[in-house]
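Letter by letter, the chains look like this.
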Amino acid sequence: MGSGPRICRGVKSGKRLVCGEPVNDPRVVDEAMRLVDEFLSRVERHKAVLLSDSSTPFDYAVDALSNWLSTIEGRIKDSNDEGIANLRKAMREAGKKMLELARRAREEWLSTYREELGELLGKLRSGEATVVIRGEPLNIDKPFTVLLYTDHLAVKVERVAKSGSITVSITLTGLDGVHVITPKLFSDDLLRPMQYGLLMTDATIDKGYPQMDTNQLWQAIIWPLTWPGRNYVFISSLGINDGDVKITWQLTAIDHRGVFGSKAEVAEEVLRLDDNAFITFLLSAVLGDGSVDTEKERESIRLTIGNSKYGLWRGIVERMVSLGFKEHDNKRLKVKVIGIYSSRAVALAQRWLGDPLIRALVEDLSQLPDAEKLRRLLTLASLRIKPLGRSSIEVIDGIRMSVQMVGRGCVALKITRKYREDALVIQERLRSAGYNAMLRELKDGFVVSIINDEIKMHPGLVAEVCKILRRMHEEAISEGNKRRAWRVAKAMKKLNCPAQGPRA
């Protein structure tokens, strides 16, 4: 075995880097080889699809798209609505083009790419390979990348700045793409906010062209529907992750060059949208960088924004908060999470799917195996909404406060206001009426509350709160939520709620 691969600093030459200054610093060599070893480890982990003479990384897409297209053909025949039928035909054509690309890539992998990958592995193990580096290997707060090349492959192993995590991708050269031509299927009131949602999350603007990379089949099909006209689609690379190998699809809206200058301009346009269009924008954004949770007591729709992007989103987030979203910091991941919860999340999902074309789009694409987010959205929209206000009581004339569980078997009455002045007025009115109300500042406003011990000092208040708790307890039992039923029962005991008499 040789002394080890040749390691050098990268110098730009065309689309690839070539060897410049040789690297001799043992610390840099060790860091570069650590990334090379991670690449070798991941290839070994996934050798059943990367090095097999029959299985390939593209088989999943070929099988998934083939099965999905059969389903869509049947749905087209069953369509009674012309608009929905045309939508399904457009999805079918996009799916056919993607299937064509996946099949072509499969053939090229077996005939060319797999062999070159095997040769590269052999050279790395024998010390005959050339390793090109860029970035700052000795500073964990800066990115560092190792590049390995063959005739038709470019391997990129990157240590992500600050987190230290490692990503591995293999770019495939020589694979031609296809043009997907899509008619205009949505009205401008839907189409433009859908475009804004993609551009503000997963998409970029490259040389004036809206462009997106994705490894999700359902998202790749949504793209050409959102950008009517010509779209160029090709398979750009493979992501070699710890748990799987994923295809990356690159999509470019050819006929929309120059429509958007920058994301900052898009953010300004979002703030000009009317309420209905803004809601559509949120759907598209959530499908990009969001999540949907359907677990009991955790029903939510959330959008995650990196701290570095927050300045661009600030005005949009303020508008989201006015619609009932809450903003939270995740300091560990250095992101902002803007979420809407419980009944409000259900109501938003139902509003999104109230448009027949949007519902058809989500329902049809949810049939793809990687469309878990869409399936959760459908589930969320099917849940029963608990009407707002059912857990609140009027404490004094004109002031309704919600009954909330606050831990240790206690409850509190709460009311929130965005501005301190408004909260102070409520606090003073409650105190004038004999209630020891407390004021506390939140991240996005102020809350006035009456705690458990104060409630117990007012028998009339206890009676009203106990009515709410009794109903909450019945609902928890009927839903099979034993944990919540136990918590509510404990709160009722602490408040000395009277036993419920026989019903008339």
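All values reported here derive from a predicted model rather than from experimental measurement. (Residues numbered from 1 in each chain as written. Predicted model: local features only at pLDDT ≥ 70, side-chain atom pairs only at ≥ 80, totals over all residues. Heavy atoms only, no water.)

(A) A look at the packing of helix α8 (residues 275–289) against helix α9 (residues 310–322). At a closest axis distance of 12 Å, the pairing of α8 and α9 adopts a crossing angle of 110°. The pairing of α8 with α9 is recorded here as roughly perpendicular in orientation. Crossing geometry of α8 relative to α9 is assigned as left-handed. Residues Asp 275, Phe 278, Phe 281, Leu 282 and Ala 285 of α8 lie in contact with α9, whose contacting residues are Trp 313, Ile 316, Arg 319 and Met 320. Here the residues of the contact of α8 with α9 sort into seven nonpolar, no polar and two charged. (Axes fitted to C-alpha atoms, helices over the stretch in contact; angles between N-to-C directions. Helix = DSSP H or I, 4+ residues; strand = E, 2+ residues; numbered from the N terminus. Parallel < 35°, antiparallel > 145°, perpendicular 65-115°, else oblique. Left-handed = near helix turned anticlockwise from the far one by under 90°. Contact = heavy atoms within 4.5 Å. Nonpolar A, V, L, I, M, F, W, Y, C, P; charged D, E, K, R; others polar.)

(B) The state of the cysteines, seen in detail. For the structure shown, the criterion picks out two disulfides. Covalent S-S linkage joins Cys 8 and Cys 19, the inter-sulfur distance amounting to 1.7 Å. Taking the sign of the torsion about the S-S bond as the criterion, the disulfide between Cys 8 and Cys 19, at about -65°, is left-handed. With a gap of 11 residues between them, Cys 8 in strand β1 (residues 6–13) and Cys 19 in strand β2 (residues 16–22) connect regions that are remote in the sequence. Residue Cys 8 is classed as buried on the basis of its relative accessible area, which comes to 1%. Each disulfide in the protein chain links cysteines that, numbered along the sequence, combine into the pattern 1-2, 3-4. Lacking any disulfide linkage, Cys 410 is separated from the closest cysteine sulfur, that of Cys 497, by 12 Å. (Disulfide = S-S within 2.5 Å. Buried < 20%, exposed > 50% of the residue type's maximum accessible area, 1.4 Å probe, protein only.)

(C) Examining the pattern of salt bridges more closely. What the rule picks out here adds up to 27 salt bridges. Across the pair Glu 93 and Arg 92 runs a salt bridge whose closest N-O atoms are separated by 3.2 Å. The class for Arg 92 is buried, based on a relative accessible area of 17%. Notably, a salt bridge pairs Lys 336 with Asp 329, separated by 2.8 Å at the nearest N-O pair. (Salt bridge = Lys/Arg side-chain N within 4 Å of Asp/Glu carboxyl O.)

(D) Inspection of the packing of aromatic side chains at higher detail. A full pass over the atoms with the stated rule returns eight aromatic pairs. Ring geometry for Trp 223 and Trp 227: centres 5.3 Å apart, planes at 40°, overall tilted. The interplanar angle of 35° and the centroid separation of 6.0 Å between the aromatic rings of Phe 281 and Trp 313 together place this pair among those described as tilted. Within this pair, whereas Phe 281 is found in helix α8, its partner Trp 313 is found in helix α9, the two being separated by 32 residues in sequence. Here the two residues Phe 281 and Trp 313 agree in accessibility, since each one is buried. Taken together, the ring pairs connect Tyr 196, Trp 223, Trp 227 and Phe 260 into an aromatic cluster. The ring of Phe 278 has Arg 319 sitting right over it, with the charged end atom 4.3 Å from the ring centre. The cationic tip of Lys 336 hangs over the ring face of Tyr 310; the distance from NZ or CZ to the ring centre is 4.9 Å. (Phe/Tyr/Trp six-rings, centres within 6.5 Å; stacked < 30°, edge-to-face > 60°. Lys NZ or Arg CZ within 6 Å of the ring centre and 35° of its normal.)

(E) Representation of the nonpolar core. Formed by 123 residues in total, the largest nonpolar core has its most connected members in Phe 39, Val 146, Leu 172, Phe 186, Trp 249, Phe 281 and Leu 365. If we skip the residues at most four places from it in the chain, Phe 281 touches Pro 193, Tyr 196, Gly 197, Met 200, Val 270, Leu 273, Trp 313 and Ile 316. If you look at the next biggest cluster of nonpolar residues, it comprises 31 residues, including Ile 396, Ile 399, Val 462 and Cys 466. (Core = buried A, V, L, I, M, F, W, Y, C linked by side-chain atoms within 4.5 Å.)

(F) Looking closely at the sheet that holds strand β13 (residues 300–306). Here we have four strands laid out as an open sheet, ordered β12-β13-β15-β14, and antiparallel in their pairing. Each edge of the open sheet is held by one strand with a lone partner, namely β12 (290–293) and β14 (326–330). Each strand of the sheet is rotated relative to its neighbour by a mean of 25°, with strand direction disregarded. In terms of strand pairing, β14 meets strand β15 (residues 335–341) through five bridges, oriented antiparallel. (Pairing = 2+ DSSP bridges.)

(G) Spatial organisation of a positive patch on the surface. A contiguous patch of positive charge on the surface is contributed by Arg 408, Lys 456, Lys 490 and Lys 494. Structurally, Arg 408 is set in the loop between β17 (399–407) and β18 (410–417). (Patch = residues over 30% accessible without salt bridge, like charges linked within 9 Å, V, L, I, M, F, W, Y side chains within 5 Å. Areas by Shrake-Rupley, 256 points an atom, 1.4 Å probe, with all protein chains shown as cover. Lys, Arg positive; Asp, Glu negative; His and termini not counted. Charge placed at Lys NZ, Arg CZ, Asp CG, Glu CD.)

(H) How the structure looks around unusual backbone geometry. Of note in this structure, Lys 207 is not a glycine but carries a positive phi near 55°. Secondary-structure assignment places Lys 207 in the loop between β8 (203–206) and β9 (209–214). A positive phi is found at Asn 496, a non-glycine position, where the angle reads about 60°. Position of Asn 496 among the secondary structure elements: in the segment after α16 (482–494).

(I) Representation of the environment of Arg 192 within the structure. Its location among the elements puts Arg 192 in helix α5 (residues 188–199). According to the relative accessible area criterion, Arg 192 is partly exposed, its value standing at 36%.

(J) Seen up close, the sheet that holds strand β16 (residues 392–396). Spatially, β16-β17-β18-β20-β19 is the arrangement adopted by the five strands of the open sheet, whose pairing is antiparallel. Of all the strands in the sheet, the pair left with one neighbour each is β16 and β19 (438–442). Sheet twist, expressed as the average angle between the axes of neighbouring strands with direction ignored, equals 45°. Taken together, the five bridges between β17 and β18 define a ladder with antiparallel strand orientation. By the bridge assignment for β18, Ser 402 is matched with Lys 414. Against the sheet, helix α15 (residues 459–478) contacts β16, β17 and β18, and its axis sits at roughly 175° relative to β16. Docked against the sheet, α16 engages β17 and β18, running at close to 110° with respect to β17.

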